[in-house]
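# Working through the structure, step by step
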Amino acid sequence: MNAIIALIAVLPLLLIGIYGILARRHLIRIIISIEIAMSAVILSIGTLATVKGSLGEVLGVLVIIIIALEAALGLALAIEMDRTYGSVDILEIRKLKEEEK
Amino acid sequence: MDLIIDSNTLLYLVAIGWATLFSFLAIRTRDILYSAVFLVGMYVASAWALIQIGAWFLALIYLFVNAGGVLVLIIFAAMLTRPTIDIPPTKELSRVAFINALLIVALIASMILISKSEIYTSFSSNLSLIIKLLFNDYGITLFILSLAALAIYLGAIYIASEEK
């Protein structure tokens, strides 16, 4: 497996994730986009395993734990935002907060 | 720089292509539940790509945590934050489910091939070395991460709970 080809192939996945984070307004969809971008990171770390051996896999496992934590916290915040403001649209919530002020 | 593409690399590129397509569909679809279905396809395709590298241990952990844990959280959050409407299964969704099933079959076939280590891929996961690294060399890191995980999960429960 050529590591350079593997890393270049992962790039579109990362770009789609970043596009989703920047372009979407729904909080859950933003979390899905973060998941996609982090998947590209895990695939890159997996490629590192072919060069550095098991160290790459150990780093990958630690990153997977962090992704799961981020998702849990983000989704809990989404539920709380829906309960408080009645929406998970980040622009709508910003408007509501400005109106409150 | 050697850029020869062998059959293993070609299969890796196919898996990455499928993962990219599914991720694009997950971003573009209007309904969150449909996005979750496409996300499963992305997870399975990514795990398949990791198996093509030879990192089957990482692929398994990735699939267990994401397709088993994070996806369920996303579906529950989607169900809790939107009005409850019954979406009838469409031909499009059935087609995606069929593609996902095909990907899972391909994944199992890859796992059977990869079990003959060093034959199919130049690198294969070494479980004893991973455990040694994870619990000895990176034991402190794992411990700190576990404590952070506990704190974050308790925080998430507190945030999501109705009575504070």
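Fair warning: this is a prediction, and the values are worked out from it, not measured in the lab.

Time to look at the environment of Ile-18 of chain A. All names here are of chain A. Counting through the fold element by element, Ile-18 comes out in helix 1 (residues 3-23). Classification of Ile-18 by C-beta neighbours within 10 Å gives partly exposed; the count is 15. In this structure, the C-alpha to C-alpha distance between Ile-18 and Asp-89, residues 71 residues apart in sequence, is 18 Å.

With their axes 10 Å apart at the nearest point, helix 1 of chain A and helix 1 (residues 7-28) of chain B run at an angle of 5° to one another. Classified by the angle between their axes, helix 1 of chain A and helix 1 of chain B sit roughly parallel to one another. For the pair helix 1 of chain A and helix 1 of chain B, the contacting residues are Ile-5, Ala-6, Ala-9, Val-10, Pro-12, Leu-13, Ile-16, Gly-17, Tyr-19 and Gly-20 of chain A in the first and Thr-9, Tyr-12, Leu-13, Ile-16, Ala-19, Thr-20, Ser-23, Phe-24 and Ile-27 of chain B in the second.

The subject of this paragraph is the nonpolar core. Within soluble globular proteins, side chains that are nonpolar tend to cluster in buried spots. With 70 residues, the main nonpolar core has Ile-28 and Leu-75 of chain A together with Ala-45, Ala-49 and Leu-50 of chain B as its most contacted residues. Looking at this core, the elements that each hand over two or more residues are helix 1, helix 2 (27-52) and helix 3 (54-85) of chain A together with helix 1, helix 2 (32-53), helix 3 (56-81) and helix 5 (127-137) of chain B. Each of domain 1 (7-125) and domain 2 (126-164) of chain B accounts for three or more of the residues forming this core. With residues up to four places along the chain from it excluded, the contact list for Leu-75 of chain A reads Ile-28 and Ile-31 of chain A together with Leu-73, Ile-74 and Ala-77 of chain B.

At the interface, 56 residues of chain B touch 47 residues of chain A. Listed by contribution, the elements that provide at least two residues to the side of chain B that touches chain A are helix 1, helix 2, helix 3, helix 5 and helix 6 (139-160) of chain B. With 13 residues, helix 3 of chain B is the largest single contributor of residues to the side of chain B that touches chain A. Partitioned by chemical class, the residues of the side of chain B that touches chain A number 40 nonpolar, 15 polar and 1 charged.

About the cut-offs
- Residues numbered from 1 in each chain as written.
- Chains lettered and ligands numbered in written order.
- Predicted model: local features only at pLDDT ≥ 70, side-chain atom pairs only at ≥ 80, totals over all residues.
- Helix = DSSP H or I, 4+ residues; strand = E, 2+ residues; numbered from the N terminus.
- Buried ≥ 20, exposed ≤ 12 C-beta atoms within 10 Å, placed from the backbone.
- Axes fitted to C-alpha atoms, helices over the stretch in contact; angles between N-to-C directions.
- Parallel < 35°, antiparallel > 145°, perpendicular 65-115°, else oblique.
- Contact = placed C-beta atoms within 7 Å.
- Core = buried A, V, L, I, M, F, W, Y, C linked by C-beta atoms within 7 Å.
- Domains from an automatic or database assignment.
- Nonpolar A, V, L, I, M, F, W, Y, C, P; charged D, E, K, R; others polar.

Fair warning: the whole summary comes from geometry, so function is off the table for now.
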